[in-house]
Amino acid sequence: MPVDFSSPSSYPPPTTDFQRDTKLLAAVCSEYVTHTDTGWRNALAKHPDPGSLAAAADQHGVLPLFARALSMAGIPCEIARARAREIAYRNLALAAELVKLIGALRELGIQALAYKGPMLGQQLYGDVTLRQFRDLDILIAPADVLRTRDALCQLGYQDMEQFSRPLLRKHVSSQCEWQMTGTHSGTIVELHWALFPRYASFDLSVMELNQASVAIEIAGERVRAFDLRHLALVLSAHGTKHLWYRLGWLVDFALVLRNYAVGDAEKLLDDAAGKGMKRILLISAALADKVLRLRLPKAFERAISTDRWARVLADNMQQSLCAGVLPEDLLGENVLLLRSRERWSDRVKIVSRLAFTPGPQEWCWVALPEWAEWLYRPIRIARAARYFPRIVQRAFSSRKP
């Protein structure tokens, strides 16, 4: 779950008052989620540069919602409307491509679940054009990865990285996804055989997700997707992994949590606790309350009030959200993510697996013959050694970050 040591920020540093723009966009999104007037229209009337606000909405992945709100309020902003049309056309094309892709895999006997992308647009928003995304994600069984990859090659996709067959097998055993791109469409397809790398230590198997999956109609076809219970866990873990630096992710999570009744909320918390994900779920819920003014189920309110770290980490995540970029302090970032796990056993697994498990960076750094591949492990340890003493000391102490 902690990011790798050389992970770059996804966006350049903001050049405008990004925190102010984020708060205004959060008010717009809050009204969509809660159906409550948040007063954003008055704040927008005083905004000095609507163009910068549209750019911030694009960066946060909420431009379609922003353009929709402007249209419903009768507020002209051609920049936002033009960009929303562009996103809508692309979303519809990606939805059609997803249906075609999953149908082709089904004919080969490969069961695939649609994840994120147009599926969440249909499942949570009721409209694939209202959710902003850039690629397609599908979840398959680990045993089907190489066969699915070969099938995609036959369908006109190609690997984004060139790994030998043995290294690709190693990648499947230690990582969680493989990226391919359409030769003609340019669409990025992410094949997932797990939702998180092995070191993240989450108990969410493909079999469990498949058994609980639901059918959602998209582009005229029925496609299997995650049920809301698992979606709440997956989205909370994904957002926390990235320190919630995009508002769109939080809107997705809030829309899921909004649908939980009292009894269902308590079952969700129990399920999260059994998987070691309760604090992650509480952090996400506390953030949805702070940023989007989501009214939380009573069970969540009680649980948040008794978990000091959930409240502290939600405050830290809110700072990341308002900055719109991943922090440059990767040590502090990894410590925050370790703190989000309530079980010390999970923290130990994460640290040890991160220290000892080689990955793509080691394989690309030096090409070793098959008989010498055992050397990748000491290379990994050497690369991680400078970080881990401080990570362990800070992650297992009782001090605030």
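Scroll up to find the structure this text is about.
Residues numbered from 1 in each chain as written. Predicted model: local features only at pLDDT ≥ 70, side-chain atom pairs only at ≥ 80, totals over all residues. Heavy atoms only, no water.

Asker: Quick question: what am I supposed to make of the overall build of the protein here?
Answerer: In terms of regular secondary structure, the protein is built from 20 helices and seven strands. Counting across all 401 residues of the protein, residues that qualify as buried make up 56%. When contacts within the protein are restricted to residue pairs at least 6 apart in sequence, long-range pairs at least 24 apart make up 72% of them. About 17,800 Å² of surface is accessible on the protein, with carbon and sulfur atoms providing 53% of the total. (Helix = DSSP H or I, 4+ residues; strand = E, 2+ residues; numbered from the N terminus. Buried < 20%, exposed > 50% of the residue type's maximum accessible area, 1.4 Å probe, protein only. Contact = heavy atoms within 4.5 Å. Areas by Shrake-Rupley, 256 points an atom, 1.4 Å probe, with all protein chains shown as cover.)

Asker: Would you mind showing me how to read the pattern of salt bridges here?
Answerer: Side chains that differ in sign of charge can pair as their charged atoms come close. Using the criterion set out here, one finds 19 salt bridges in the structure. Between arginine 131 and aspartate 252 there is a salt bridge; the shortest N-O distance is 2.8 Å. Here aspartate 252 lies in helix H11 (residues 247–257) and arginine 131 lies in the loop between helix H6 (117–125) and strand E2 (136–139), a separation of 121 residues in the sequence. Among the charged side chains, a network of salt bridges with common partners joins Glu31, Asp37 and Arg41. (Salt bridge = Lys/Arg side-chain N within 4 Å of Asp/Glu carboxyl O.)

Asker: Sorry if this is basic, but what is going on with the environment of alanine 88 here?
Answerer: Assignment of secondary structure puts alanine 88 in helix H5 (residues 78–107). Remark: the alpha-carbon pair of alanine 88 and glutamine 132, spanning 44 residues in sequence, is separated by 8.5 Å.

Asker: Help me understand the packing of helix H1 (residues 18–34) against helix H4 (residues 63–72) in this model?
Answerer: A pair of packed helices can be characterised by two numbers: the angle between their axes and the separation between those axes. At a minimum axis separation of 10 Å, H1 and H4 run at an interaxial angle of 75°. With respect to H4, the element H1 is oriented roughly perpendicular. On H4, the residues that touch Leu25, Val28, Cys29 and Tyr32 of H1 are Leu65, Phe66, Arg68 and Ala69. (Axes fitted to C-alpha atoms, helices over the stretch in contact; angles between N-to-C directions. Parallel < 35°, antiparallel > 145°, perpendicular 65-115°, else oblique.)

Asker: When you look at the pairing of strand E4 (residues 177–182) in this model, what are you seeing that I'm missing?
Answerer: Each regular strand carries side chains that alternate between the two faces of the sheet. Sheet topology places strand E3 (residues 157–159) next to E4; three bridges connect them, and they run antiparallel. When the sheet's bridge partners are listed, aspartate 159 is paired in E4 with methionine 180. Pairing of E4 with strand E5 (residues 188–192) involves five bridges; the strand directions are antiparallel. The residue bridging glutamine 179 from the neighbouring strand is glutamate 190, located in E5. (Pairing = 2+ DSSP bridges.)

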